[in-house]
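Structural description and commentary
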Amino acid sequence: MHSKIMDVLGDRVLELGPKNTELPEAGTYKNFKLTRDTDGIAWLLFDRDGASANTLSAEVLEEFDAVLNALEAQRPAGIVIRSAKKSGFIAGADVNEFRGATDPRAVATEIGRAHAVIDRLEALKIPTVAVIHGFCLGGGLEVALACQSRIAIEDARFGFPEVMLGLHPGLGGTARFTSLVNPMQAMTLMLTGKTIDARKAKSLGLVDAVTQERHVRNAVKDAVFGRLRRTKPGVLNAILNFSPVRGILASRMVAEAGKSAPREHYPAPYALIALWEKHGGDRAAMLRAEKASFADLMVTSTAQNLIRVFFLREQMKKLAGQGNTIEHVHVIGAGAMGGDIAAWCANQGLRVTLADMKPEPIASAIKRAADLFGKILRQRTEQRDALDRLIPDMDGEGVRTADLIIEAVSEKLELKQKVYASIEPRMKQGAILATNTSSIPLEDLRSTLAHPERLLGLHFFNPVSRLQLVEVVSHDGVDAALLTKALAFVGAIERLPLRVKSSPGFLVNRALTPYMLEAMVMLDEKIDKTTIDAAAEQFGMPMGPIELADQVGLDICLAVGDMLRSKFGDLLPPTPAWLREKVAKGELGRKTGRGFYVWKDGKADKTSGAVVTTKPTQEMIDRLMLPMSNVCVACLREGTVDNADMVDGAMIFGTGYAPFRGGPLNYARSRGAENIVATLRTLAVKHGDRFAPDAGWEDFK
Amino acid sequence: MTRPVYIIDGSRTPFLKARSGPGPFTPVDLAVQCGRPLLARQPFAPDAFDQVILGCVNVIADEMNPARVAALRLGMGEAMVAFTVQINCGSGMQSIDTGYRYIREGSADLILAGGAEALSYAPLVWPQNGVRWFAGLAMAKGILAKAAAIAKARPAYFKPVIGLERGLTDPITELNMGQTAEKVGHLFGITRAQADAYAVESHKRLANAQAQGWLKGEVETAFDRAGQFYDHDDGVRADSSIDKLGLLKPVFERPWGQVTAGNSSQITDGASWTILASEEAVAKHGLTPKAVIVDSQWSALDPSIMGLGPVLSSNELLKRNHLTIHDIETWELNEAFATQVLGCLAAWNDDKFCREVLGLDGAAGEIDRARLNVDGGAISLGHPVGCSGNRIVLHLVNAMKRLGTKRGIATECIGGGLGGAMLIEAL
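In this text, all values refer to a predicted model and were calculated from it rather than measured experimentally. (Residues numbered from 1 in each chain as written. Chains lettered and ligands numbered in written order. Predicted model: local features only at pLDDT ≥ 70, side-chain atom pairs only at ≥ 80, totals over all residues.)

**Notes on the overall build of chain A**
Just so we agree on the cut-off: Where helices and strands are cited, they refer to DSSP runs of H or I of at least four residues and of E of at least two residues respectively, numbered from the N terminus. The atom set for the radius of gyration is the C-alpha atoms, and the globule formula is 2.2 Å times the number of residues raised to the power 0.38. Buried means a residue has 20 or more other C-beta atoms within 10 Å of its own C-beta, exposed means 12 or fewer, and partly exposed covers the counts in between; C-beta atoms are placed from the backbone.
In terms of helices and strands, chain A carries 28 helices and 20 strands. For chain A, whose C-alpha radius of gyration is 28 Å, the value lies close to the compact-globule estimate of 27 Å for 701 residues. The principal-axis extent of the C-alpha atoms belonging to chain A is close to 80 × 60 × 45 Å. Across the 701 residues that make up chain A, the buried fraction comes to 50%.

See the structure below:
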């Protein structure tokens, strides 16, 4: 609920210690504020200059060192370390400083300097208390771990996301975390990069207390004067950290990691497991070894590509812009996409009316929403509120008051135009009419509109809650101001926008369709489906093309394939006749329980059937993967998209394209454009002109 | 200052028969389910209301002051004043009456008034002596004292009663509501056959109204988390017949009673809202009023004959407005029990009763059944107690619009010995 009163009082929420008592020398710090309360406790407030969230850079750590130096001399009764930012404690290291690292020794030197500061914090003879609200991630958690006690505010979230960047914790976290809490739990958190809430942190023993801002002063006093019982590592930790036990547990972790992150693509989890297996329980040795291991990982192409992906996401967020004005979304069509788009918007705090002619699709959309909210929203009240915001609207009343209308009815031009004709006269002034079409050109859709400038495309991907990309589609008559609003809306619902011009298949479907159709051609060549999927997975795709086609729905694959073929002809693999028969028979993939695979509980059964021993070949991989890069280059050349980095980001966030490869264009760049062009030419000779390299490779940098 | 008060719009959930255990919706869930589509179709924003008033008898522990909980869940904003009213079976009408008075006197312009009840959520209640025993046990210090306290336990302490059973029993006379209906039926000579025939007609009328689509716009489909939807009052039995009802045994006074489950209202969950507006609010938001509230009246009588409440309150209302029962073209008289409805009709046609109780010159006469409960009532729909009073006002307005009638009364009997009535004019 929005509260005007709390808007006024909001600045008073954070308990930042005594006011107006800054010590004389405090003004000399750029990123820190230092005060002293009447009990003699020093309040050290981290407030990174010119940033909305705290991150740790070399410069910040240097200043932190100076502050610690001064505090050591002043010997206050205790030191409170907390963030003055509303967003949270510390979001982690300043990832900017990781970019472009090539020399592991240089990284090791840098990280050694940072370690010294954290070691100094840990060694202080003064009681140190970290008070943690909001995000406490990576390096931020490592700072907290070096304090003697940790007090969490209810909203705090803890985690080590380093593994997502191809790294593991590097500021002593591997050693301090595994010695403080059950190493199995600690390792799991570091290996998955998942975050946990304050309650879970308390039960793990990561924090000593969980409280509210209003009790921070008293909690700090108790912690400093020894009245707060600290969680101590239990006997179990010692046993689990005992060498022979470690060996057994480590091999189990390796097996588990292998399921989702093959070693040749993702070295970090294995480096982390090795680090613990070798040194777990021996803090000093583990701290030492962590530096070298971290430095080695930093210079791998996997880490550098994943760091690039991190910045691609930031760039796409920036592209979305601020100042969202959309408060009420009206979604027309409660099918798979419409229902899930509506649920996601409601989850993000918007008021959503979900319109359909029939109650059945609305009811199943509400069920899917309830199931999703049950998984992603922690509080029962949050789930209830999100469901309350998702309003079934069988009479289409929401059209009159919505700021944004998202049409997600079946992909039929006449149907969509009929829907537009009925809603357009009732739309509020300034409202946006968006279509989630994936195949009908906006030029055709707008032809019957009185105000074609209000139409644009918002193309979401399935599953909406997991794939972050939204293609924001423009046409030559679109109102630029509405396009800006639409981008900000995408940002506000925590999705990443890609600006594309209206063109068949936009970017993602155009690039992804050849991947799936080529796989079907390979099936016709008697290559086994599991071998085909394995080829793509070996490249690093999260899902092979056959399984993906089942997941997307064979009817949709066929429709998009036909549409693209009608525009691009033989640049696309031919759609096999048997695919049409399969669709006619109702074998549509996951949604009907049978496609290429048999699907049970949302999973493809890959174990049944004859054991296939054929190994994927490099040619198979190239046949599947290179056309994707080829289409991306074509889209750039044609101006469908205008930024190569955004293309990479879109393919990663819209299709799960192997992130450690940095996207299809980054992959081409690192393999070498000449090599790609030559390989495509060879494939064209052997398999047909669909592999002909696009003209855009000439200018590709 | 008295200002006209308009009924603008309203909607309700389907009435859902309580089956085994709690139904899919709590009282506030129900209020949200029918409130959302109602608010969505208004030309003004949900926070434009001045206040929310909700009738609810069996408030569940998780939803104290359900009016405020519903207002917030409906997105009406932090500043929305909201309170809950309770006058038993009249609560849903009391909310309208309270809103009506606020607007009439000029202290509000736009009010959302409703009723919500989930009888399927009626709790199991421990007997008072059991609760006292448990409190004694909790207070006992030391093992010996505890053991002594435990030894005082009696089997009866652990026999929970269904809260609803107590709720439907008048505390003054210790008569169950069904027993009061038996008494009213007896006093006016209502037979079992008459009661059953009335009940059958109620089902037929509701089934017909559903089939004709007359409830569209009034009943809003409700959707639960499990993927189910509810689009009609599910207690209706279109195939109900006098023969079938004749087979049922009396439930309240065995073996000779007249009142059976078949000729009583059903135990049901439901919620209903109406929007009330002043002239100013109508002009400001460009609203089209459906009806105007002319007057309202509460009356009281011996709790053991509470079923006659509608006669008393309607009589006061008619007298004050210089009308007779024949001036009322459409009636909604809540069907708590068939014998009770028929008892009311008989009372109006009873010379002695009308002279000595109502202060009329003689029998008021017959109320034409074609004017009364035209689309069925609580016997076929169910009677979510805190909601019913709201529904009969809302349905009276909608029925009058459909029938083209001008003047109507919605009235109900109220457990504890009360009656409520509201005089409405369609616009």
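**Structural notes on the overall build of chain B**
To keep it simple, the criterion reads: Residues are defined as contacting one another if the C-beta atoms placed from their backbone atoms lie within 7 Å.
Counting its secondary structure elements, chain B contains 15 helices and 14 strands. Taking 2.2 N^0.38 as the reference for a compact globule, 427 residues should give roughly 22 Å; the C-alpha atoms of chain B span a radius of gyration of 22 Å, in line with that estimate. Structurally, chain B occupies a C-alpha span of about 75 × 55 × 45 Å along its principal axes. A burial count over chain B gives 55% of its 427 residues as buried. The contacts in chain B between residues at least 6 apart in sequence include a share of 81% that link residues at least 24 apart.

**Describing the sheet that holds strand E12 (residues 351–355) of chain A**
All names here are of chain A. The condition that has to hold: The rule for pairing is simple: two strands pair if DSSP sees at least two bridges between them. Simply put, an axis is a line fit to the C-alpha atoms, just over the touching stretch for a helix, and the angle between two N-to-C directions goes from 0 to 180 degrees.
Here eight strands make up an open sheet; going across it, the order is E13-E12-E11-E14-E15-E16-E17-E18 and the pairing mixed. Two strands lie at the open edges of the sheet, namely strand E13 (390–392) and strand E18 (496–501), each paired on one side alone. On average, adjacent strands in this sheet sit at an angle of 25° to one another, irrespective of strand direction. As defined by bridge partners, strand E15 (residues 432–435) adjoins strand E16 (residues 455–460) across three bridges and the pair is classed as parallel. The residue bridging Thr435 from the neighbouring strand is Gly457, located in E16.

**Remarks on the environment of Ile239 of chain A**
Relative to the elements of secondary structure, Ile239 of chain A occurs in helix H9 (residues 235–240). Taking the C-beta count within 10 Å as the criterion, Ile239 of chain A has 11 such neighbours and is therefore assigned exposed.

**Brief notes about the interface of chain A and chain B**
The interface of chain A with chain B comprises 20 residues on the first partner and 17 residues on the second. Counting residues per element, the ones that place at least two in the side of chain A that touches chain B are E12, helix H15 (359–376), helix H16 (380–389) and E13 of chain A. No other element matches the seven residues that H15 of chain A contributes to the side of chain A that touches chain B.

**Examining unusual backbone geometry**
Excluding glycine, residues mostly carry a negative phi; peptide bonds, for their part, are mostly trans. In this chain, Asn462 of chain A is followed by Pro463 of chain A through a cis amide linkage whose omega measures 0°. With respect to the element layout, Pro463 of chain A can be found in the loop between E16 and strand E17 (469–474). Across the junction of Arg254 of chain B and Pro255 of chain B, the peptide omega takes the value 0°, indicating a cis bond. By secondary structure assignment, the location of Pro255 of chain B is in the loop between helix H9 (242–246) and strand E10 (268–278). Located in the positive-phi region is Glu174 of chain B, a residue other than glycine, with phi close to 60°. Position of Glu174 of chain B among the secondary structure elements: in the loop between helix H6 (163–167) and helix H7 (177–187).

**Points about the sheet that holds strand E5 (residues 128–132) of chain A**
All names here are of chain A. Within the open sheet, the six strands sit side by side as E1-E2-E3-E5-E7-E10. Their pairing is mixed. Each edge of the sheet is formed by a strand with only one pairing partner; in this case those strands are strand E1 (32–36) and strand E10 (209–211). Here the average twist between neighbouring strands, direction ignored, is 20°. Relative to strand E7 (residues 149–153), E5 runs parallel, the two being bridged by four bridges. Of the residues in E7, the one forming a bridge with Ala130 is Arg150. Against the sheet, helix H8 (residues 216–224) contacts strand E2 (41–46), strand E3 (78–83), E5, E7 and E10, and its axis sits at roughly 155° relative to E5.

**Some details on the confidence of the model for chain B**
The cut-off we apply is this: As a per-residue measure, pLDDT reflects the predictor's confidence and takes values from 0 up to 100.
Confidence along chain B averages 95 in pLDDT terms, with 100% of residues attaining 70 or more. This complex was scored by the predictor with a pTM of 0.93 and an ipTM of 0.92.

**Regarding the nonpolar core**
In summary, soluble globular proteins display a tendency toward joint burial of nonpolar side chains. Worth spelling out the cut-off: Take the buried Ala, Val, Leu, Ile, Met, Phe, Trp, Tyr and Cys residues, join any whose C-beta atoms are within 7 Å, and the set you get is a nonpolar core.
Leu390, Ile405 and Val647 of chain A together with Val52 and Leu276 of chain B are the most contacted members of the largest nonpolar core, which has 349 residues in total. A per-element tally of this core places helix H25 (residues 618–638) of chain A first, with 11 residues. When residues no more than four places from it in sequence are discounted, the contact partners of Val52 of chain B are Ala67, Ala70, Ala71, Met76, Met80, Ala82 and Leu112 of chain B.

**Considerations on the packing of helix H20 (residues 508–524) of chain A against helix H22 (residues 545–552) of chain A**
All names here are of chain A. Applicable threshold: The handedness criterion is simple: a crossing whose near helix is rotated anticlockwise from the far helix by less than a right angle is left-handed, and one whose near helix is rotated clockwise is right-handed. Each residue gets one label: Ala, Val, Leu, Ile, Met, Phe, Trp, Tyr, Cys and Pro are nonpolar, Asp, Glu, Lys and Arg are charged, and the others, such as Gly, are polar.
At a minimum axis separation of 9 Å, H20 and H22 run at an interaxial angle of 115°. Crossing of H20 over H22 shows left-handed handedness. Facing H20, whose interface residues are Tyr515, Met516 and Ala519, H22 presents Pro545, Ile546, Leu548 and Ala549. A per-class count over the contact of H20 with H22 returns seven nonpolar, no polar and no charged.

**Concerning the pairing of strand E12 (residues 330–333) of chain B**
All names here are of chain B. The alternating pattern of E12 places Thr330 and Glu332 and Trp331 and Leu333 on opposite faces, both of which are buried. Note that E12 and strand E13 (residues 407–414) share four bridges and pair parallel. Directly across from Leu333, in E13, lies its bridge partner Thr411.

**A few points about the environment of Gly130 of chain B**
Residue and element names in this part refer to chain B. With respect to the secondary-structure elements, Gly130 resides in helix H4 (residues 128–139). For the pair Gly130 and Lys159, spaced 29 residues apart in sequence, the C-alpha to C-alpha distance is 8.5 Å. In contact with Gly130, other than residues within four places in its own chain, are Tyr157 and Phe158.

**Focus on the environment of Lys30 of chain A**
All names here are of chain A. Note that Lys30 resides in the loop between helix H1 (4–9) and E1. When the C-alpha atoms of Lys30 and Arg48 are compared, they prove to be 7.5 Å apart, with 18 residues separating the residues in sequence. When neighbours within four sequence positions are excluded, Lys30 is seen to be in contact with Asp49 and Glu63.

**Here we look at the pairing of E5 of chain A**
Residues and elements named next belong to chain A. Where burial is concerned, most of E5 is hidden: five out of the five residues are buried. Covered by surrounding structure in E5 are Thr128, Ala130 and Ile132 together with Val129 and Val131, the residues of both alternating faces. Relative to E5, E3 runs parallel, the two being bridged by four bridges. Paired with Ile79 across the bridge in E5 is Thr128.

**Section: H20 of chain A**
All names here are of chain A. Definition in use: Between the first and last residue of a helix there are one fewer steps than residues, each counted as 1.5 Å, and that sum is the expected span.
For H20, which comprises 17 residues, the first-to-last C-alpha distance of 25 Å matches the rise-based estimate of 24 Å (1.5 Å per residue) to within 8%. The buried fraction of H20 amounts to 14 of the 17 residues, a majority that puts the element mostly inside the structure. Phi turns positive one or two residues past the end of H20, at Lys526, with a value near 70°.

**Overview of the packing of H20 of chain A against helix H23 (residues 554–568) of chain A**
Residues and elements named next belong to chain A. Defined as follows: Any angle that falls under 35 degrees is termed roughly parallel, while one over 145 is termed roughly antiparallel, one within 65 to 115 roughly perpendicular, and all others oblique.
Here H20 crosses H23 at 110°, and the two axes come no closer than 10 Å. The angle between H20 and H23 places the two elements in the roughly perpendicular class. Crossing angle aside, the handedness with which H20 passes H23 is left-handed. Residues Asn509, Arg510, Thr513, Met516 and Leu517 of H20 pack against Cys557, Val560, Gly561 and Leu564 of H23. Of the residues contributing to the contact of H20 with H23, the split by class is five nonpolar, three polar and one charged.

**Observations regarding helix H27 (residues 664–671) of chain A**
All names here are of chain A. Among the residues of H27, Pro664, Leu665, Asn666, Tyr667 and Ala668 are the ones counted as buried. Of the surrounding elements, those touching the buried residues of H27 are helix H13 (301–320), H25, helix H26 (644–655) and helix H28 (673–687). Following H27 by one or two positions, Gly672 has its phi on the positive side, about 105°.

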